[in-house]
Amino acid sequence: MDEFGVYAIFGLNGPPQRLLRAEGSRRVSAAVPQSARQVVLFSSGPWGDSLCVSAELTDAHQVPITIGKLTPYNKCLSWEQWEEEAWTDGVVLHVSLEGGNMTNSEPEVIVAVNEYTPKNMAAPLADRELGGKRKRGRASEEDSDAGGEMPKPRGEENVCPNGVKEKATPSRKAKGQAKSCQKLFDNRSDASKSKAAGIIHTFIHISNEPRETPAIVGGTPPQNGARVKSRQARTPTQTPSPVSPSGRWGQTLCPIDAQTAILIGGQGARMQFCKDPMWKLRIEDMSWVAAETLAEGPTPEARIGHSAVFDPDSRRIFVFGGSKNKKWFNDVHILDTQSWRWTMVEAQGKVPPLAYHSCSMFRGELFVLGGVFPRPNPEPDGCSDSLYIFDPHLSIWYQPILTGDKPSPRSGHSACVIQERYIYVFGGWDTPVCYNDMYKLDLGLMEFSAVKTSGKAPSPRSWHGCAALSETKFLIHGGYNGNNALSDAFVFDTGTDSWTELKLPQLAVPRAGHSIIAMETPARHGEESTEPVGRTLLVFGGGDNEGAFFCDLTSVSVEELLDAA
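Residues numbered from 1 in each chain as written. Predicted model: local features only at pLDDT ≥ 70, side-chain atom pairs only at ≥ 80, totals over all residues. Heavy atoms only, no water.

**Student:** Sorry, what's going on with the environment of Lys 456 here?
**Tutor:** On the secondary structure map, Lys 456 appears in the loop between β32 (447-450) and β33 (465-468). Taking C-alpha positions, Lys 456 is 5.8 Å from Trp 499, a pair spaced 43 residues apart along the chain. Excluding residues within four positions of it along the chain, Lys 456 makes contact with Phe 490, Trp 499 and Glu 501. Side chain to side chain, Lys 456 and Glu 501 meet in a polar contact 2.8 Å long. (Helix = DSSP H or I, 4+ residues; strand = E, 2+ residues; numbered from the N terminus. Contact = heavy atoms within 4.5 Å. Polar contact = N/O pair within 3.5 Å; in protein donor to acceptor, adjacent residues only side chain to side chain.)

And the structure:
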């Protein structure tokens, strides 16, 4: 194994089988033996320049079950059947080698994998025998036969959090909509029965869209804001290399300077985590550059509902929390935008795993408020009302002493820093209640207070977009109200505590789980002045809760928004 190669092990006792090498076919497919309940993919030997290995498990209909990627910094992937509820017969492993001296014209090679039955082993291990662990939320037939109560299904992170025991909120369907249409948010207690995604251990960048997508997944939404039918049609397995991010929701878009923003994470069609998890947006020409392979070090595991904030002093992005299927995170990953290297922080102090929280940067510290946290089965997931602060200099979490009237537990809310003195918290969700209240945290006194507002306020919502427009005003756009994705927009004036509704055609598409940022508008190339010529509001991605996931980038002049307000 001195030369570079990619190897797979099928089953606990299967021998390593080489699938790829630097000199040879670029793409290989191998049918996973029916007796194999585990697949391990790893590399051996020196990696070449710009080399990476993309991997994908598909079902008998060529629909992705789970995805992964080998890089010089992550040289092993593993999947187990109990983690993948869609893993049945006919599973195929697809592996492709990217970079090096290979060309795209090389044909795909089909590899035969022989069944392997070790001696003194009559049958595969049961679920509860694998590694001495048993997946939470699953029970064996023996448990049921013995009269034990089957655990209740957990809610999913992309449906209404901690809503397992609550009565469902009706969801409006578009005319002609397929019954199997995936919804971003749906608090039905049996939502987990339709789940078809698994746990993987890295990100992947294969193509712009999954093999099976709704008609406008990854595309520009209709400008009239109308719903679209979600009946799906099979697409060819080979897709062109992406020139822009695939459609997604639950991602973060983080500005790092006047010319650049970084897109991280998200989830797209069929509850699949995006194969292209990291992009760099160049504001000068509104172009995208795939950025995952640009950064060294251990990249964060795929996730949604996380936060990403930029510290201009250290020029670092801090990624915290989020969730992925039944896995929850409380880790802190740092991307140094000068060296382009990821590091994972070994932090002291206690902070729970959280998703759909808010995270604000103030004087070099992360202020994390609210969010969803997991509870043991069969309890529903809960919402937090706590404030946690992370000090990067000491790598420690702590909780400040707060006074005043703080917000009730919630997730999917927004938090906006105004005048480097206040954090304004709006909306959010704690099943079955959706909020449209406003709170203000005085960062000098560490005192919360409820804000009494005037004017027409936004309706209750969560998973909306929020961005500061000026020293005293911020924007609220879209979101989810328990039934539908929303398209309305409002500006809040902190000087008068008043709301103003906006009517702009650029913001007329219903969406939730999208990203909104305000960026300095740089001078055009060739102009003498290097000073910004204005500010621009950018809206990216999200979904309409009817099966569509957007990858469009909408821009609106901040001056136009302020004039309309």
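**Student:** Would you mind going over the pattern of salt bridges with me for this structure?
**Tutor:** Where charged atoms from two side chains of opposite charge approach closely, those side chains can pair. Throughout the structure, instances matching the rule amount to 16 salt bridges. Between Asp 331 and Arg 303 there is a salt bridge, with its nearest N and O atoms 2.8 Å apart. Of this pair, Asp 331 sits in the loop between β19 (327-328) and β20 (332-336) while Arg 303 sits in the loop between β15 (287-290) and β16 (307-311), and the two are 28 residues apart along the sequence. For Arg 303, a relative accessible area of 2% gives the class buried. Connected through salt bridges with shared partners, the residues Glu 301, Lys 324 and Lys 327 form a single ionic network. (Salt bridge = Lys/Arg side-chain N within 4 Å of Asp/Glu carboxyl O. Buried < 20%, exposed > 50% of the residue type's maximum accessible area, 1.4 Å probe, protein only.)

**Student:** Can you walk me through the side chain of Asp 442 in this structure?
**Tutor:** Within the secondary structure layout, Asp 442 lies in strand β31 (residues 433-442). In this structure the side chain of Asp 442 is engaged in a polar contact, spanning 3.1 Å, whose partner is the backbone nitrogen of Leu 445. With residues near it in sequence (within four places) discarded, Asp 442 still touches Arg 421, Tyr 422 and Glu 447.

**Student:** Sorry if this is basic, but what is going on with the pairing of strand β6 (residues 64-70) here?
**Tutor:** Taken residue by residue, a regular strand's side chains alternate between the two faces of the sheet. The element β6 is extensively covered by neighbouring structure, given that seven of its seven residues are classed as buried. Relative to β6, strand β5 (residues 52-58) runs antiparallel, the two being bridged by six bridges. For Ser 54, the partnering residue across the bridge sits in β6 and is Lys 69. Taking the residues between adjacent antiparallel strands as the criterion, β5 and β6 are bridged by five residues, where Gln 62 takes a positive phi near 65°. (Pairing = 2+ DSSP bridges.)

**Student:** Is there a simple way to explain the confidence of the model for the chain in this structure?
**Tutor:** Residues of the chain with pLDDT of at least 70 account for 70%, and the chain-wide mean is 77. Of all helices and strands in the chain, the one with the weakest mean pLDDT is strand β11 (residues 233-234) (30), whereas β32 scores best (98). Every residue in residues 116-158 is under pLDDT 50, and counting partners more than four places away or in other chains gives 82 contacts. Scored below 50 in pLDDT, residues 186-241 shows 191 contacts in the model against residues more than four places distant or in partner chains. (pLDDT = per-residue confidence, 0-100.)

**Student:** Teacher, can you tell me more about the sheet that holds strand β22 (residues 358-362) here?
**Tutor:** Sheets are built from strands paired through backbone hydrogen bonds, the pairs being either parallel or antiparallel. With antiparallel pairing, the four strands of this open sheet are ordered in space as β22-β23-β26-β27. Of all strands in the sheet, those bounded by a partner on one side alone are β22 and β27 (396-398). Each strand of the sheet is rotated relative to its neighbour by a mean of 25°, with strand direction disregarded. (Axes fitted to C-alpha atoms, helices over the stretch in contact; angles between N-to-C directions.)

**Student:** In this structure, what is going on with the state of the cysteines? I would like to understand it.
**Tutor:** Joining two cysteines, a disulfide is a covalent bond between their sulfur atoms. Here the structure, examined in full by the defined rule, presents zero disulfides. Not part of a disulfide, Cys 466 finds its nearest cysteine sulfur in Cys 416, a span of 4.4 Å. By relative accessible area, Cys 466 is classed as buried at 19%. (Disulfide = S-S within 2.5 Å.)

**Student:** Could you clarify how one ought to interpret the packing of aromatic side chains in this entry?
**Tutor:** In this description, a pair of aromatic rings is defined by centroid distance and the angle of the planes. All chains considered together, the criterion is met by 18 aromatic pairs. Ring geometry for Trp 288 and Phe 540: centres 5.3 Å apart, planes at 55°, overall tilted. Here Trp 288 is found in strand β15, whereas its partner Phe 540 is found in strand β38 (residues 534-540), with 252 residues between them in sequence. We classify Phe 540 as buried; its relative accessible area is 0%. Ring-pair connections join several aromatic residues into one group, and the members of that group are Tyr 422, Tyr 424, Phe 426, Phe 474, Phe 490, Phe 492 and Trp 499. Lying across the ring of Phe 273, Lys 324 places its NZ or CZ 6.0 Å from the centre. When the ring centre of Tyr 422 is taken as origin, the NZ or CZ atom of Lys 440, which lies over that ring, is 4.8 Å away. (Phe/Tyr/Trp six-rings, centres within 6.5 Å; stacked < 30°, edge-to-face > 60°. Lys NZ or Arg CZ within 6 Å of the ring centre and 35° of its normal.)

**Student:** I tried to follow the sheet that holds β33 on my own but got confused; where do I start?
**Tutor:** A sheet is described by the order of its strands in space; here four strands give the open sequence β33-β34-β35-β36, paired in antiparallel fashion. Each edge of the open sheet is held by one strand with a lone partner, namely β33 and β36 (498-502). Averaged over neighbouring strand pairs, the angle between their axes works out to 25° when direction is ignored. Bridge count for strand β34 (residues 473-480) against strand β35 (residues 485-493) is seven bridges, and the pairing is antiparallel. The partner of Leu 475 across the bridge, within β35, is Val 491.

**Student:** Just checking my understanding: could you explain the nonpolar core for this structure?
**Tutor:** For soluble globular proteins, nonpolar side chains are generally found buried alongside one another. Among the nonpolar cores identified, the biggest contains 25 residues, and Val 32, Leu 41, Trp 79 and Leu 93 are the most heavily contacted of them. At the level of elements, β1 (5-10), β2 (17-21), β3 (27-31), β4 (38-44), β5, β6, β7 (76-80) and β8 (92-98) are the ones that each hand at least two residues to this core. Listed in part, the 16 residues of the second largest apolar core include Val 309, Met 361, Val 368 and Phe 373. (Core = buried A, V, L, I, M, F, W, Y, C linked by side-chain atoms within 4.5 Å.)

**Student:** I tried to follow the side chain of Arg 461 on my own but got confused; where do I start?
**Tutor:** Within the element layout of this structure, Arg 461 appears in the loop between β32 and β33. A polar contact of 2.9 Å, which involves the side chain of Arg 461, links it to the backbone oxygen of Gly 478. Beyond its immediate stretch of four places on either side in the chain, Arg 461 contacts Phe 426, Gly 427, Gly 428, Cys 434, Tyr 435, Ile 476, Gly 478, Tyr 480, Asn 481, Leu 486, Asp 488 and Phe 490.

**Student:** How should the environment of Pro 380 be read in this particular structure?
**Tutor:** Position of Pro 380 relative to the elements: it lies in the loop between β24 (372-373) and β25 (382-383). For Pro 380, a relative accessible area of 14% translates into the label buried. For the pair Pro 380 and Thr 431, spaced 51 residues apart in sequence, the C-alpha separation works out to 9.9 Å.

**Student:** Sorry if this is basic, but what is going on with unusual backbone geometry here?
**Tutor:** Most peptide bonds are trans, and most residues other than glycine sit at a negative phi. Looking along the chain, the bond that leaves Thr 431 and enters Pro 432 is cis, with omega of 5°. Summarising the element assignment, Pro 432 is placed in the loop between β30 (422-430) and β31. Backbone geometry at Tyr 356 places phi at a positive 60°, although glycine is not the residue there. Of the residues examined, Tyr 356 reaches a relative accessible area of 6% and is grouped as buried. Phi at Trp 463 takes a positive value of approximately 55°, unusual for a residue other than glycine. Tracing the chain through its elements places Trp 463 in the loop between β32 and β33.

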